[in-house]
Amino acid sequence: MRTGKIKFFIESKGYGFITDDETGNDIFVHATGIKTADLREGDKVSYEEEEGRKGKVAAQVVSLEN
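Worth saying up front: this structure is predicted, and the values here are computed from it rather than measured.

**Description of the pattern of salt bridges**
So, step 1. Inspection of the entire model under this criterion finds four salt bridges.
So, step 2. In this structure, Lys7 engages Asp26 in a salt bridge whose closest nitrogen and oxygen atoms are separated by 2.6 Å. Note that Lys7 is positioned in strand β1 (residues 2-10) and Asp26 in strand β3 (residues 26-30), a separation of 19 residues in sequence.
So, step 3. Its relative accessible area of 41% is what places Lys7 among the partly exposed residues.
So, step 4. Asp26 gets classed as partly exposed once you look at its relative accessible area, which sits at 37%.
So, step 5. In this structure, the salt-bridge partner of Asp21 is Lys44, at a minimum N-O distance of 2.2 Å. Of this pair, Asp21 sits in the loop between β2 (15-20) and β3 while Lys44 sits in strand β4 (residues 44-52), placing them 23 residues apart in sequence.
So, step 6. Residue Asp21 is classed as partly exposed on the basis of its relative accessible area of 37%.
So, step 7. You can call Lys44 partly exposed: its relative accessible area is 27%.

What follows is the structure in structure tokens.
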């Protein structure tokens, strides 16, 4: 599992980006890859990196906020 922070997430469009803690790179996240409701900008998350149609995407995204 990788960890990062939500850079932004547009609920009305169903997508956003996570900034990876280790690399500092941004990774695309679609609403279908999120397992936790109500993610907000700056929330710490864990996720799996998978190959999507246009490159790497975040999947199995879970909030680490308590």
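Still more to cover.
**Some details on the nonpolar core**
So, step 1. Of all hydrophobic cores here, the largest spans ten residues; its members are Ile6, Ile18, Ile27, Val29, Ile34, Leu39, Val45, Tyr47, Ala58 and Val61.
So, step 2. Going through the elements one at a time, β3, β4 and β5 (55-63) are the ones with two or more residues in this core.

**Considering the side chain of Ser63**
So, step 1. Among the secondary structure elements, Ser63 is positioned in strand β5.
So, step 2. Taking the relative accessible area as the measure of exposure, Ser63 reaches 18% and is therefore buried.
So, step 3. Separated by 3.1 Å, the side chain of Ser63 and the backbone nitrogen of Glu65 make a polar contact.
So, step 4. In this view, Ser63 contacts Thr36, Leu39, Lys44 and Val45; residues no more than four positions away in its chain are not counted.

**Details of the packing of aromatic side chains**
So, step 1. Enumeration according to the criterion identifies three aromatic pairs in this entry.
So, step 2. Aromatic side chains Phe8 and Phe17 sit 5.5 Å apart centroid to centroid with 55 degrees between the ring planes, which places their arrangement in the tilted category.
So, step 3. Residue classification places Phe8 among the partly exposed positions, given a relative accessible area of 30%.
So, step 4. Between Phe17 and Phe28, the aromatic rings sit 5.7 Å apart at their centres with planes inclined by 80 degrees, giving edge-to-face as the arrangement. In this pair, Phe17 is assigned in strand β2 and Phe28 in strand β3, connecting sequence segments eleven residues apart.

So, how was this worked out
- Residues numbered from 1 in each chain as written.
- Predicted model: local features only at pLDDT ≥ 70, side-chain atom pairs only at ≥ 80, totals over all residues.
- Heavy atoms only, no water.
- Salt bridge = Lys/Arg side-chain N within 4 Å of Asp/Glu carboxyl O.
- Helix = DSSP H or I, 4+ residues; strand = E, 2+ residues; numbered from the N terminus.
- Buried < 20%, exposed > 50% of the residue type's maximum accessible area, 1.4 Å probe, protein only.
- Core = buried A, V, L, I, M, F, W, Y, C linked by side-chain atoms within 4.5 Å.
- Polar contact = N/O pair within 3.5 Å; in protein donor to acceptor, adjacent residues only side chain to side chain.
- Contact = heavy atoms within 4.5 Å.
- Phe/Tyr/Trp six-rings, centres within 6.5 Å; stacked < 30°, edge-to-face > 60°.

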